[in-house]
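One-letter residues, chain by chain:
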Amino acid sequence: MRYEHELEVAINAVAAAATLCKQVQAKIDPDGIEKRDKSPVTIGDYLSQGIISQVLSQAFPEDPLIGEEDVEDFQSDAQQPYVAAALDELQRANSSWLPSREQLLEAIARGGAHSSSGRFWTLDPIDGTKGFLRKEQYAISLALIVDGVIEVGVLGCPNLPASGATPILGSTQQDSGTLFAAIRGGNGAFSASFDDLNHRNSIRVSSEINPANMRLCESVESGHSAHDHSVTVANILGIKGTSTRLDSQAKYGIVARGDAEIYLRLPTRKGYKEKIWDHAGGVIILEQAGGVVTDIDGKPLEFLHGRELLANRGIVASTGPLHRQIIDAIATLGLDQ
């Protein structure tokens, strides 16, 4: 199957990063670093980007990587204790990759590609850092994009339990976590426990068609999605239940496996553009599980414009049957372009 090798490399890379992220999250407190844009980041973000970058560079040395983290935020003199702590975490994890300080920074820096032409990978090393800091949900998202088309996606959700096993919300670090993956045009999407990545279960979106029974999910942070507008949309559609709020692309995963029917990410400010790494991995998994993903105007997402979805605004992800009605309901809000 086309891109099968890329899929297996991506799974192994995300699994290695998940081990480190769980290790760091277990002792979160002093590890936070503030980026220049004032959003939170931890040594877990940099470790995850570093080890995934290293795995990809060994397997596909010609492939660029567009990652979220900027090595400039991690290599100043003030951050050297964090670099040392990151190297210690690799030692503690018995990692097969034990880089020098310079090699770690070089691996992180490889995520600084900007061109979105041809073939490249995009990575969010820890999507949902605030959830990570709260010891709740977060995701490691990796996707291969070729000529603007997402071909492979892997989504590692180290705190997300198996479907129906335990509540989605809250701290579930004792759970082994869930990995989702898909190849475009393959045999659909699948999930696996991090305890046994070879035992893969096909996943499919919910078959629910009654709006009253549909479940909606959205971001925890009101700065990421307009919660009041989501309530209005739900009321227009006749959705009875309250929305489930959780961090990260784990939302794509729970819709893909049938634990929710709709994921909304409605713009909170005029002109904001989504980042490609915040969606690419989750999008292909949901699509290959039978779902639909567009922007709030019903346009397909375009991964052709660098690091941002410049031709799109907001995100609507659903199981399909109600997708047009969701777009129409959002149109009544009169959101600014």
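Use the structure listed above.
Quick look at the structure, then.

What counts and how
- Residues numbered from 1 in each chain as written.
- Predicted model: local features only at pLDDT ≥ 70, side-chain atom pairs only at ≥ 80, totals over all residues.
- Heavy atoms only, no water.
- Helix = DSSP H or I, 4+ residues; strand = E, 2+ residues; numbered from the N terminus.
- Expected span 1.5 Å × (residues − 1).
- Buried < 20%, exposed > 50% of the residue type's maximum accessible area, 1.4 Å probe, protein only.
- Polar contact = N/O pair within 3.5 Å; in protein donor to acceptor, adjacent residues only side chain to side chain.
- Core = buried A, V, L, I, M, F, W, Y, C linked by side-chain atoms within 4.5 Å.
- Contact = heavy atoms within 4.5 Å.
- Axes fitted to C-alpha atoms, helices over the stretch in contact; angles between N-to-C directions.
- Parallel < 35°, antiparallel > 145°, perpendicular 65-115°, else oblique.
- Left-handed = near helix turned anticlockwise from the far one by under 90°.
- Pairing = 2+ DSSP bridges.
- Lys, Arg positive; Asp, Glu negative; His and termini not counted.
- Salt bridge = Lys/Arg side-chain N within 4 Å of Asp/Glu carboxyl O.

### Details of helix 2 (residues 43-59)
Thought 1: Between its first and last C-alpha, helix 2 extends 24 Å over 17 residues, near the 24 Å set by a 1.5 Å rise per residue.
Thought 2: In terms of residue burial, helix 2 counts as a mostly covered element, since 13 of its 17 residues are buried.
Thought 3: N-cap assignment for helix 2: the residue whose side-chain oxygen lies 3.0 Å from the backbone N of Gly 44 is Thr 42.

### Observations regarding the nonpolar core
Thought 1: If you look at the biggest cluster of nonpolar residues, it comprises 52 residues, and the most contacted ones within it are Ile 52 and Phe 74.
Thought 2: For this core, the element with the highest residue contribution is helix 1 (residues 4-25), accounting for 12 residues.
Thought 3: Excluding its chain neighbours within four sequence positions, the residues that come into contact with Ile 52 are Ala 13, Val 14, Ala 17, Leu 123, Ile 140 and Leu 142.
Thought 4: Counting 38 residues, the second largest nonpolar core, distinct from the first, contains Phe 120, Cys 217, Ile 276 and Leu 286.

### Remarks on the packing of helix 1 against helix 2
Thought 1: At a closest axis distance of 9 Å, the pairing of helix 1 and helix 2 adopts a crossing angle of 160°. Taken together, the axes of helix 1 and helix 2 are roughly antiparallel relative to one another. Regarding helix 1 and helix 2, the two cross each other, and that crossing is right-handed. On helix 2, the residues touching Val 9, Ala 13, Val 14, Ala 16, Ala 17, Leu 20, Cys 21 and Val 24 of helix 1 are Ile 43, Gly 44, Leu 47, Ser 48, Ile 51, Ile 52, Val 55, Leu 56 and Ala 59.

### A few points about the sheet that holds strand 7 (residues 178-183)
By way of backbone hydrogen bonds, the strands of a sheet pair with one another, either parallel or antiparallel.
Thought 1: Read across the sheet, seven strands follow the order 3-4-5-6-7-8-9 without closing on themselves; strand pairing throughout is mixed. Since the sheet does not close on itself, it has two edges, and those belong to strand 3 (65-67) and strand 9 (196-203), each with one partner. Taking each pair of neighbouring strands and ignoring which way they run, the sheet shows an average axis angle of 20°.
Thought 2: Bridge analysis of strand 6 (residues 149-157) against strand 7 gives six bridges, and the strand direction is antiparallel. Counterpart to Val 152 in the pairing with strand 7 is Ile 183.
Thought 3: Each of strand 3, strand 4 (119-127) and strand 5 (139-146) touches helix 2; the most contacted strand, strand 4, lies at about 155° to it.
Thought 4: This element, helix 8 (residues 280-288), spans strand 4, strand 5, strand 6, strand 7, strand 8 (189-193) and strand 9 of the sheet and lies at about 100° to strand 6.

### Things to note about the environment of Leu 133
Thought 1: Its location among the elements puts Leu 133 in helix 5 (residues 129-133).
Thought 2: Taking the relative accessible area as the measure of exposure, Leu 133 reaches 32% and is therefore partly exposed.
Thought 3: Residue contacts for Leu 133: discarding those within four places in its chain leaves Ile 28, Pro 40 and Thr 42.

### What to know about the pairing of strand 12 (residues 262-265)
Thought 1: Because side chains alternate across strand 12, one face comprises the buried residues Ile 262 and Leu 264, and the other comprises Tyr 263 and Arg 265, equally buried.
Thought 2: In terms of strand pairing, strand 10 (residues 216-218) meets strand 12 through two bridges, oriented parallel. The residue of strand 12 that forms the bridge with Cys 217 is Tyr 263.
Thought 3: Both strand 12 and strand 14 (residues 315-318) contribute to a ladder of four bridges, which runs antiparallel. Of the residues in strand 14, the one forming a bridge with Leu 264 is Val 316.

### Considerations on the environment of Ile 254
Thought 1: One can find Ile 254 in helix 7 (residues 250-256).
Thought 2: In the structure, Ile 254 is positioned 74 residues away from Phe 180 in sequence and 9.9 Å away in space, judged by C-alpha atoms.

### Some points on the side chain of Asp 295
Thought 1: Here Asp 295 is to be found in the loop between strand 13 (292-294) and strand 14.
Thought 2: Buried and unpaired, Asp 295 has Lys 299 as its nearest opposite-charge partner, separated by 4.7 Å.
Thought 3: Polar contacts involving the side chain of Asp 295 include one to the main-chain amide nitrogen of Lys 299, which spans 2.8 Å.
Thought 4: Polar contacts involving the side chain of Asp 295 include one to the side chain of Asn 312, which spans 3.2 Å.
Thought 5: Those residues in contact with Asp 295, other than ones at most four positions away along the chain, are Leu 301, Ala 311, Asn 312, Arg 313, Gly 314, Ile 315, Val 316 and Ile 327.

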